[in-house]
Amino acid sequence: MRLDKTELALVGLAVLLLLGGMVAPGWLIFLVTIALAKALVVQGVVMQMKAGLVSFGQGLFYCVGGYAVGMGGPFLGISAGLVLLAIGVVAAVGLAMVLGLLLTRYREIFFAMLSLAFSMILYGVLVKSQELGSTDGFNVNNWTLLGQTIAGGETATHVVFLLTVVAAAVVAFLLHRYYRSSVGMTCEAIRENEVRVEYLGLSPRWIQYANYVAAAGVSALGGGLTALAAGHVDPDMAYWTTSGEFIFIALLGGTGSVLAPFLAAIVFSLVRTYAIEFVPHAWQMILGFTLLGIVVFLPKGLWSLFTRHRPEAPVVPAAPQKTSTGGAGA
Amino acid sequence: MLSFIAVLIDGTIYASWLFLVAAGLTVIYGVMRILNMAHGSFYAIGAYAAASAIGWYFSDGTGSAGMSFLLLIGCAIAAGLVVGTLVERGLLRFMYGRDEILMVIITYALLLILEDAMKLIWGVNPYFAYQPYTALGRSTIAGLKVSNYDLALIGVAVVVGLALWGWLERTNLGKILRAVIHDREVASAMGVNVRRMFFLTFIIGTTLGTLAGALTAPSISVVPGIGVEVIVLAFAVVVVGGLGSIEGAAVGALLLGLSRAMAVHFAPQFELFVIYGVMSLVLAIRPQGLFGRTLARKI
Amino acid sequence: MTPILETRGLNKTFGAVTAAKDLNVRINKGEIVGVIGANGAGKTTFINMVTGYLPPTSGEILMDGKAILGLAPRAITRAGLARSFQVAQLFPELTVLDNLVIALAAAESPHPSFLKPLRTKARVAKAEEILAEFKVAAYRDARVTAVPQGSRKLIDIAMAMIGNPKMLLLDEPTSGVSVDEKGDLMDTVMAAVRHHGLTVLFVEHDMDVVRRYVSRILAFYSGEIIADGPPDAVLADERVRELVTGHSDHKPAANAGAREGSSVA
């Protein structure tokens, strides 16, 4: 198997992160873990953006993934971390397979609003049901990894970090391949012109559906890892402003590379850490102005700063289709 | 029977409130094709402006209820004009012609900015403006005590709805706006100053938002985050009714208001669920909303 | 002989407007059919109905004797009926090469792969061959947005031909193209058509272009076919001269810039 530049960079970055994890202070490891886990949720948003859809409700799957980890212990008696993560992904995929039947009929703002509505439904159910933890949510503690109990504290931080880096690298690797596959490229084609895709003999709706379901799974994994890292889940995971944050990070990074959401999420987390400390009531304002700046000046996100600026079109010889006009008979 | 009447009254009051909150959103979308995420912030600004004005007016212990209503409405209009002008002139006019979904993101950025701007201006402690609410007292309808202020809200919603409808259907300006709604380019080609219509529409929409906030302020505690809660409800209303339709917003508000009242009375844990549940159901059956128009793509 | 395409009593009304009235068309293998008619005569509506984009109000559509009415455009494409568009329908932000490679992959299978790369050597080579055949090779790596109108139309038609259709419907292949480019464009297209042995129906306003390439003409007037036959006979027909070709041989400019995404009234 030959690796391209992005794939090599991925492997390199993962190794670097793991090495860095041995020496970095706990707070930084924690910050990076949360950022990478959230970046996985953002990957789900980006997958849909590439297909032309903006989900204002990706928090739904983030929440499902998180609650699977939070509820697996008290409700199912499961403590194995990997199993809890898998339950979250399976639950999210199952839910997406149902919702996707309806959602894939919608585009543009209707998709945005309907996806928002679904995540708010979950929020509403969680907040109002005592059995589901109400506004308090659940604590995640005493889970195990390959039979070892992860009690919390330093060890837990390191273990989740390791888990998250590996998961992020694997998902990113697969996504990178996916974006260049027939389905991935056809998603972009659907964004560009759905009518043409239909007239090529493909079902845009089926492809959107597959993409939506896959994105749900990826986002749920991010939610599960966040729950393990933060040790807590609550209904705010499904609140629409959480989804707004994911869109922000997605736009900040852009859709240019599978690495972009990770970069953007780390930048986002670092800036937030300091902003909340120094200007607590201006953090959202900073986000707002940054978002406007991105829309106006960097529509392809931060990642476009790292890519070589290519001219829009190569120099083209004059009138390429000019040939003899006498060839065709009447 | 009693609970049926209670549902009816509660539902109608809530529907009136929903309509007031959603009216500006649907007007702006109808004319400008901007689904304004910041509409909830306009609501919150109206609420803050009204609450601080009422607080100031009653601070010395005197003050008449009648004046306080004028103050509420005056504050709402003033706030609407100022904020609407600032936002349209300062931001939106540079963004016209972009994708609808991009406008959602732009107004989301605006929401983030306004949320913190409000915190910087008004702080994070709650404001109260209960005087106009208590001044009106209560009535008893079929054995149920109902606040007169809430009942008055129904009247206001009806007046606002009829005024908007009359304005769009019965005046020359309304005709011009309908031309813009129907086909922006043709209207522009026929000499309509579309940008001026946008400005006007945005001011009116913003003012409807601040008015909704100002009128709500007496019955709630005004705290950070109320706009963020309200905007998703307003979305549900306009999406159910059909984006851009005034009648739709009215019917959507009634449908959601009554559904929620039913949930509150019979199954309180579904209070929030029911609003988005109904919205999803309507969209599943009629993707363009109850009063929305379908657009096919020309190829 | 079973016609490749046959419509029986096809009707379409939009509210009070009749866009198609009792259309009975039989097109046989190997025919090159020109469709003429003023704007609004129902030509595009006909193509849209036949390819499944618009449901007719009543009538039947048969391909190779099999009913295709009610099938989605993708199913009709797979059955071998391809089309091009008045305004080229491409993927604007993708490169010309990717546009074609996507079409090639789509033609291979209705179930694209999730992890196998789209741009295989074989597909790229094939795409380059097509680009050369349609004389647009110079734009291989350009985004569609940077490609001139005439070449976009060629790419649009090239994409329609990729699935080896049995029949090709060309909706105004020369609209939006400057007068001096029209001839070259049609020569390129018709050379490819002959090379692949396709049956073609194309809508065209320029009678010179029509006369030069077609073996048969269908003349549309307000949703009806008022004449059907060899070019000389149809163009000499009294009603056709009065209602279709009478005023001018030139196509009114208004339709050329029909905007994408605008609504159907």
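Relevant structure appears above.
All of the points below concern the structure found in this document. (Residues numbered from 1 in each chain as written. Chains lettered and ligands numbered in written order. Predicted model: local features only at pLDDT ≥ 70, side-chain atom pairs only at ≥ 80, totals over all residues. Heavy atoms only, no water.)

**Notes on the overall build of chain A**
Using the following cut-off: Here a strand is any run of E in DSSP of at least two residues, a helix any run of H or I of at least four, and the numbering for each starts at the N terminus. The size measure is the radius of gyration over C-alpha atoms, and the globule rule it meets is 2.2 Å times the number of residues to the 0.38 power. For every residue, the accessible area (1.4 Å probe, protein chains only) is compared with the maximum for its type, and the residue is labelled buried under 20%, exposed over 50%, or partly exposed between those bounds. Should any heavy atoms of two residues lie within 4.5 Å, those residues are counted as being in contact. Computed by Shrake-Rupley with a 1.4 Å probe, the accessible areas treat only the displayed protein chains as cover when residues are assessed. Working convention for charge: Lys and Arg count positive, Asp and Glu count negative, and His plus the chain ends are omitted. Lysine's charge is taken at NZ, arginine's at CZ, aspartate's at CG and glutamate's at CD.
Within chain A one finds 12 helices and 4 strands. For a compact globule of 330 residues, the expected C-alpha radius of gyration is about 20 Å, and chain A comes in at 22 Å, within 12% of that figure. When the backbone C-alpha atoms are referred to their principal axes, chain A occupies close to 85 × 45 × 45 Å. In chain A, which comprises 330 residues, the share counted as buried stands at 58%. Contacts in chain A between residues at least 24 apart in sequence constitute 79% of all its contacts with a sequence separation of at least 6. For chain A, the exposed surface amounts to about 13300 Å²; the carbon and sulfur share of it is 67%. Across chain A, the centroid of the 17 positively charged side chains sits 13 Å from that of the 15 negatively charged ones.

**Some words on the sheet that holds strand β4 (residues 58-63) of chain C**
In sheet architecture, strand pairing relies on hydrogen bonds along the backbone and comes in two forms, parallel and antiparallel. Residues and elements named next belong to chain C. Applicable threshold: In short, DSSP must find at least two bridges between two strands for them to pair. For helices, the axis comes from a line fit to the C-alpha atoms of the stretch in contact; other axes are also lines fit to C-alpha atoms, and the angle between any two N-to-C directions lies between 0 and 180 degrees.
An order of β2-β1-β4-β5 is seen for the 4 strands of this open sheet, with the pairing classed as antiparallel. Looking at which strands have only one partner, the edges of the open sheet turn out to be β2 (17-27) and β5 (66-67). Relative to β2, strand β1 (residues 5-14) runs antiparallel, the two being bridged by 7 bridges. If you follow Phe14 over to β2, its bridge partner there is Val17. Most of the contacts of helix α1 (residues 43-50) go to β1, to which it runs at about 115°, and overall it touches β1, β2 and β4.

**Some details on the nonpolar core**
As a reminder, the rule being used: Buried residues of nine kinds, namely Ala, Val, Leu, Ile, Met, Phe, Trp, Tyr and Cys, make up a nonpolar core once their side-chain atoms join them within 4.5 Å.
Counting residues in hydrophobic clusters, the biggest one holds 283 residues, and the most contacted among them are A:Phe56, A:Trp240 and B:Tyr276. With residues near it in sequence (within four places) discarded, A:Phe56 still touches A:Ala112, A:Ser115, A:Leu116, A:Ser119, A:Trp240, A:Ser243, A:Gly244, A:Ile247, B:Met37, B:Val104 and B:Tyr108. Core analysis: the second largest hydrophobic core is formed by 26 residues, C:Ile47, C:Val50, C:Leu54 and C:Val203 among them.

**Some remarks on the packing of helix α2 (residues 39-57) of chain B against helix α3 (residues 65-90) of chain B**
Residue and element names in this part refer to chain B. The criterion, for reference: Orientation is classified from the angle alone, with under 35 degrees giving roughly parallel, over 145 giving roughly antiparallel, 65 to 115 giving roughly perpendicular, and any other angle giving oblique. Working rule for handedness: look at the near helix, and if it is turned counterclockwise from the far one by less than a right angle, call the crossing left-handed; if clockwise, right-handed. Note on residue categories: nonpolar means Ala, Val, Leu, Ile, Met, Phe, Trp, Tyr, Cys or Pro, charged means Asp, Glu, Lys or Arg, and polar means any other residue, Gly included.
Contact geometry of α2 with α3 gives a least axis separation of 9 Å together with a crossing angle of 140°. When the axes of α2 and α3 are compared, the pair comes out oblique. Taken as a pair, α2 and α3 cross one another with a handedness that is right-handed. Where α2 abuts α3, its residues Phe42, Ile45, Ala49, Ala50, Ala53, Ile54 and Tyr57 lie against Met67, Ser68, Leu71, Leu72, Cys75, Ala79, Val83 and Val87. Here the residues of the contact of α2 with α3 sort into 14 nonpolar, 1 polar and no charged.

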